[in-house]
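Commentary on secondary and tertiary structure
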Amino acid sequence: EKFRSNYLDVDNEPLYPFGYGLSYTTFRYSDIALSTPVMGQNGSTTAVVTVTNTGKRDGAEVVQLYIRDKFSSVTRPVKELKDFARVPLKAGESKVVNFRITPDKLAFYDKKMKKVVEPGEFIVMVGASSSDEDLLTKTFTVR
């Protein structure tokens, strides 16, 4: 078991990442892509990923989409859960999962408390949990 501490100089990773769960089967994520690597402030892009049930039993996976704003005028979270989809898969079956990324998923309140979408680079992360090891990533730009 991991040691828990309130000290900043001690590793205080959570015991389990957000979204972690056990299953009777296993899943693999592959082929992450974006419909366009550049979108306007009022436009959209779609993140696409293939999920495969690599186990011997039928199961359901909760596919999670996180977004990170690489550079912004205010401090933002490293990962923000913006969407998810429950995907039932038979043993050996693959499905393509689509997430539409729209301005409302990128907007935040700036220093003047105005809701904005700032131009710049964003990282899309898709996977089974918030753990970096579970996430496939792509970068897109808002102009």
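Keep in mind that what you see is a predicted model, and the values were worked out from it rather than measured. (Residues numbered from 1 in each chain as written. Predicted model: local features only at pLDDT ≥ 70, side-chain atom pairs only at ≥ 80, totals over all residues. Heavy atoms only, no water.)

**Some details on the environment of alanine 128**
Tracing the sequence through the fold places alanine 128 in the loop between strand E9 (120–127) and strand E10 (135–142). Of the residues examined, alanine 128 reaches a relative accessible area of 21% and is grouped as partly exposed. Beyond its immediate chain neighbours, meaning those up to four positions away, alanine 128 contacts Gly19, Tyr29, Glu61, Val62, Gln64 and Asp134. (Helix = DSSP H or I, 4+ residues; strand = E, 2+ residues; numbered from the N terminus. Buried < 20%, exposed > 50% of the residue type's maximum accessible area, 1.4 Å probe, protein only. Contact = heavy atoms within 4.5 Å.)

**Section: the sheet that holds strand E2 (residues 38–39)**
Spatial strand order, E2-E10-E9-E4-E5: five strands in an open sheet with mixed pairing. Single-partner strands in this sheet number two, and they are E2 and strand E5 (80–89). Of the pairings in the sheet, the one linking E9 to E10 comprises eight bridges and is antiparallel in character. Across the sheet, glycine 127 pairs through a bridge with leucine 135, a residue of E10. (Pairing = 2+ DSSP bridges.)

**Points about the packing of aromatic side chains**
In this structure the tally under the stated criterion is two aromatic pairs. Plain terms: the ring middles of phenylalanine 122 and phenylalanine 140 are 5.5 Å apart, the flat faces sit at 15 degrees to each other, and that makes the pair stacked. With phenylalanine 122 in strand E9 and phenylalanine 140 in strand E10, the pair connects residues that are 18 residues apart, well separated along the chain. Under the relative-accessibility criterion, phenylalanine 140 is labelled buried at 1%. (Phe/Tyr/Trp six-rings, centres within 6.5 Å; stacked < 30°, edge-to-face > 60°.)

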